[in-house]
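So the chains spell out like this:
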Amino acid sequence: MNMGKLKQKSAPYCLFILVFYLAEAIFLPYVVMYLTETGMTTAQASLAYSGMNIGAIIGGLGLGYCADRTRNPRGTLACAVVLSAGLILLLRLGTGVAFGAAVLFLFGFLEQPDIDLFDNLLVQNVKNWEKAFSVVHSFGNLGYVLGLLIAGGMLTAYGYGWLFAAAAVMLVISGISCAGMGSGCGRQEKKNKVPLRALFRNHMSVAIYLVSFLWGVIETGTLAFATKYYTDLGYTASYAAMMISIAIAGQVLSYTWLYRNQEKVSQPMLCFGGFALLALRIISMALVGIFPQAVLVVMACLGGACTPLINLALVQMVSENFPVEVSNSAQTFKTIAYRGAGGSLGSYLFGLCYGLMGGQKLMLLGAVVSFALGLVALAAIRLAKSLDRYS
């Protein structure tokens, strides 16, 4: 496919994801800091912030169901994003744990599942969407890095008011850009029955949710403690941010590679490769202070390539194995398995082990576990494909 034509067709999607992730980068990392400056303790701010995670789990089901029920995923996405912008501004108008938790719960409900709806629109409306997926999500990485680069200076110069206002404006721009996207499954019926039992329609559906769950356990579990781990070793938070940016650069390289080579790699191998590369990234964390920094940078960059492999494989498998009537619900449900069930369990287990084992031993163990889970994911997908083929 001609690259120029591909960029033209995917331009609204590139704009959406660029400014969407830019908004996340200048808002989410500073929420807890803002809440503590309003008078909350760190524990209270963390409690309020957890409201967003709960909202994300419920919103994953709610927004996916709404998009399928109304047969209007583009409208659902646009409304959710614009309303999220209003909630960012609302957070500045009140104080207290209950108020903060309530606003962040609604924000998590409306904003966190949006990329799943976005991916489904991309699948349904862009020809050769697998190649477009790589191009479009590279813009998402670019937006996040830009957000990280400008947020600190903006906060110092203008304070939280302007920082949060900028994030809200970016989300509104994202919502407006939805007008240039395709309408998805359309609105052929005023009322569309959504057979949620179809979310567990075959062996592959179970395999998809299992892989998403395992990915959430290991990725969220290890990376949630990355900044703490680096600071416990005596490094600054800026060093941690630098290593995260290097991993994001690895994601861009991964999307570039996928654009040209995705047809050559099977979905099971994409998933296994994602887990294996995550193991490499975790090892790079365990070897901080032992290996030369140049080697650690290369390892972190290669390890950062893990996420695009997993994301593409999961989106592909959902698009191939679920009917259009539940396609949005299926896309969001896999993220519930990842972020809700897997992420929550991973954060708890790794937090418990961090105090018992120490960070370095835990990272080495995490690398071994990641590789082992990659083998489990590889076997699960191949088994599910075989069972569905002969059932």
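Here the structure is a predicted model, which means the values were calculated and not measured. (Residues numbered from 1 in each chain as written. Predicted model: local features only at pLDDT ≥ 70, side-chain atom pairs only at ≥ 80, totals over all residues. Heavy atoms only, no water.)

## So, the packing of helix H13 (residues 306-321) against helix H14 (residues 327-357)
Axis separation between H13 and H14 bottoms out at 10 Å; the angle between their running directions is 145°. As H13 packs across H14, the resulting crossing turns out to be right-handed. Note on element contacts: H14 touches H13 through Ser327, Ala330, Gln331 and Lys334, opposite Leu314, Val315, Val318 and Ser319. Broken down by class, the residue content of the contact of H13 with H14 amounts to four nonpolar, three polar and one charged. (Axes fitted to C-alpha atoms, helices over the stretch in contact; angles between N-to-C directions. Helix = DSSP H or I, 4+ residues; strand = E, 2+ residues; numbered from the N terminus. Left-handed = near helix turned anticlockwise from the far one by under 90°. Contact = heavy atoms within 4.5 Å. Nonpolar A, V, L, I, M, F, W, Y, C, P; charged D, E, K, R; others polar.)

## Considering unusual backbone geometry
Glycine aside, the phi torsion of most residues is negative, and most peptide linkages are trans. A positive phi is found at Arg71, a non-glycine position, where the angle reads about 60°. Following the sequence through the fold, Arg71 ends up in the loop between helix H3 (42-70) and helix H4 (73-90).

## Concerning the packing of helix H8 (residues 203-223) against helix H15 (residues 359-390)
At their nearest, the axes of H8 and H15 sit 9 Å apart, and the two run at 175° to each other. The orientation of H8 with respect to H15, classified from their angle, is roughly antiparallel. When the residues that make up the contact of H8 with H15 are grouped by side-chain class, the tally is 15 nonpolar, four polar and two charged. (Parallel < 35°, antiparallel > 145°, perpendicular 65-115°, else oblique.)

## Here's the deal with the environment of Leu47
Following the sequence through the fold, Leu47 ends up in helix H3. A C-alpha to C-alpha distance of 18 Å links Leu47 and Thr220, two positions 173 residues apart in sequence.

## As for the confidence of the model for the chain
In this model, the chain carries a mean pLDDT of 84, and residues with pLDDT of at least 70 account for 94%. Within the chain, the element-level pLDDT minimum falls on helix H9 (residues 226-232), averaging 77, and the maximum on helix H11 (residues 267-286), averaging 94. Here residues 1-8 is a poorly scored stretch, pLDDT under 50, and it has 13 contacts once near neighbours within four places are set aside; other chains count. Note on residues 186-190: pLDDT is under 50 here. Beyond four places in sequence and across chains, it has seven contacts. (pLDDT = per-residue confidence, 0-100.)

## Remarks on the side chain of Ser284
With respect to the helices and strands, the residue Ser284 is situated in helix H11. By relative accessible area, Ser284 is classed as buried at 1%. Not counting residues within four places of it along the chain, the set of residues in contact with Ser284 comprises Leu296, Met299 and Ala300. (Buried < 20%, exposed > 50% of the residue type's maximum accessible area, 1.4 Å probe, protein only.)

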